[in-house]
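# Working through the structure, step by step
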Amino acid sequence: MEQRTQQSATQSLHASPHSHINCYCALETSRKNTMANEAKPCPCDIGDRSDYGGLGQEVQIEHIKAYVVKPSGASDKAVIVIQDIFGWELPNTRYMADMLAANGYIAVCPDFFVGKEPWSPTKDWSKFQEWLKDKKPTEINKEVDAVLKYLKEQCGAKRIGTVGFCWGGVATHYVALLYPEIKAGVSVYGIVREREDKYALKSPTLFIFAENDNVIPLDQVSTLEANLKEKCTVNFQVKIFPGQTHGFVHRKREDINPADKPQIEEARKDMLNWLNKYI
């Protein structure tokens, strides 16, 4: 299968879309709180957590809350932003939603945990699988259906995509298997593992991975790509970023990680290029 990458975006993400405000002020770095247990089932250091407040608003969509931010001009294009294990209120994820809105998309980040407590870097990682039992990224159909209805009926969206990180990367892969109405997906460090149909994508999907991701080793990425080439009937791309770690696209601050900045920005631009191409 031919894999394609659009080379230009309607608006580059190399600069912050909200440069008129201090998007990443009053940072707290929580790495020291999360590195104690080396046997973590997920390497989700919260990274450079931002106190960024966001430019959107919180709304109620049927049984779930959601953060919604709209572009400055009228748009019928929307993106569902799917959270990581730290939940829909994580400022870093809302920053990504605002970035999408700055580039012309209605962005909605729903609470896919439906009010249940998100993971915290202070929790015991040995309890992670127990915590995950009622928060599976492949059991979100009710929430996806509600958000799609909201976007179509309340926001006038006609073309909808998804972007997800970590837990949300798995969810984005899952949505791409079941919802042909989703025009494009960007799964950032996430793979559906348990479904037999996991290579039967219904919508064009970009998979972004980090080379040094302990929870998604490169052999799993290679297996994914090989099977997609053999079995997938829609466009896809699998891209690995050298030297990067889990969470780099949305949990690393580009302004205080200069060595990582080019790849953080490239991954974000790839995300926008993919959405622009198919939505």
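Scroll up to find the structure this text is about.
Here is a short report on the structure shown in this document. (Residues numbered from 1 in each chain as written. Predicted model: local features only at pLDDT ≥ 70, side-chain atom pairs only at ≥ 80, totals over all residues. Heavy atoms only, no water.)

### Structural notes on the nonpolar core
Stated formally: Side-chain atoms within 4.5 Å link the members of a nonpolar core, which is a set of buried Ala, Val, Leu, Ile, Met, Phe, Trp, Tyr and Cys residues. Any residue under 20% of the maximum accessible area for its type is buried, any over 50% is exposed, and the rest in between are partly exposed; the area is computed with a 1.4 Å probe on protein chains only. Any two residues whose heavy atoms approach within 4.5 Å at even a single point are treated as in contact.
Ranked by size, the top nonpolar core spans 87 residues in total, and within it Leu151 and Leu275 carry the most contacts. When neighbours within four sequence positions are excluded, leucine 275 is seen to be in contact with Val79, Leu100, Tyr105, Thr162, Val163, Ala184 and Val186.

### Looking at the packing of helix α2 (residues 91-102) against helix α8 (residues 261-278)
Helix-helix packing is described using two parameters, namely the angle between the two axes and the distance between the axes. Our working rule: With axes taken as lines fitted to C-alpha atoms, and helix axes fitted only over the stretch in contact, angles between N-to-C directions fall between 0 and 180 degrees. A run of H or I in DSSP counts as a helix once it spans at least four residues, and a run of E counts as a strand once it spans at least two, with each numbered from the N terminus. When an angle is under 35 degrees it counts as roughly parallel; over 145 it counts as roughly antiparallel; between 65 and 115 it counts as roughly perpendicular; any other value is oblique. Note on convention: near helix rotated counterclockwise from far helix by under a right angle means a left-handed crossing. Clockwise means right-handed. Three classes are used, and their members are as follows: Ala, Val, Leu, Ile, Met, Phe, Trp, Tyr, Cys and Pro are nonpolar, Asp, Glu, Lys and Arg are charged, and the others, Gly among them, are polar.
Following both chains from N to C, one finds α2 and α8 inclined at 50 degrees, their axes separated by 11 Å at the closest point. Viewed along their axes, α2 and α8 adopt a mutual orientation that is oblique. The handedness of the crossing between α2 and α8 is right-handed. Contact with α2, carried on its side by Tyr95, Met96, Met99 and Leu100, involves Arg268, Met271 and Leu275 of α8 and no other residues of that element. Looking at the contact of α2 with α8 residue by residue, the class counts come to six nonpolar, no polar and one charged.

### Thoughts on unusual backbone geometry
At cysteine 166, a residue that is not glycine, the phi angle is positive and equals roughly 60 degrees. The topology assignment puts cysteine 166 in the loop between β7 (159-165) and α5 (167-178). The phi dihedral of tyrosine 189 is positive, around 45 degrees, even though this residue is not glycine. Structurally, tyrosine 189 is set in the loop between β8 (182-188) and β9 (205-210).

### A look at helix α4 (residues 141-154)
Here is the rule we go by: One fewer than the residue count of a helix, multiplied by 1.5 Å, yields its expected span.
Taking 1.5 Å of rise per residue, the 14 residues of α4 would be expected to cover 20 Å, and the 19 Å separating its terminal C-alpha atoms lies within 8% of that figure. Among all positions in α4, only Glu143, Val144, Ala146, Val147, Leu148, Tyr150 and Leu151 are buried.

### Quick word on the packing of aromatic side chains
The line we're drawing: Two rings from Phe, Tyr or Trp (for Trp, the six-membered ring) form a pair when their centres are within 6.5 Å of each other. A pair whose planes differ by under 30 degrees is stacked, one over 60 is edge-to-face, and the rest are tilted.
Applying the stated rule across the entire model yields 12 aromatic pairs. Ring geometry for phenylalanine 113 against tryptophan 167: centres 5.0 Å apart, planes inclined by 85 degrees, an arrangement best described as edge-to-face. Linking phenylalanine 113 in the loop between β6 (106-110) and α3 (128-132) with tryptophan 167 in helix α5, this pair joins segments that are 54 residues apart in sequence. Each member of the pair, phenylalanine 113 together with tryptophan 167, is buried. For the pair tryptophan 119 and tryptophan 125, a centre-to-centre distance of 5.0 Å together with 50 degrees between the ring planes defines the contact as tilted. Taking the relative accessible area as the measure of exposure, tryptophan 119 reaches 4% and is therefore buried. Aromatic ring contacts, followed pair by pair, group Phe112, Phe113, Trp119, Trp125, Phe128, Trp131 and Trp167 into a single cluster.

Just distances and angles here, no functional claims.
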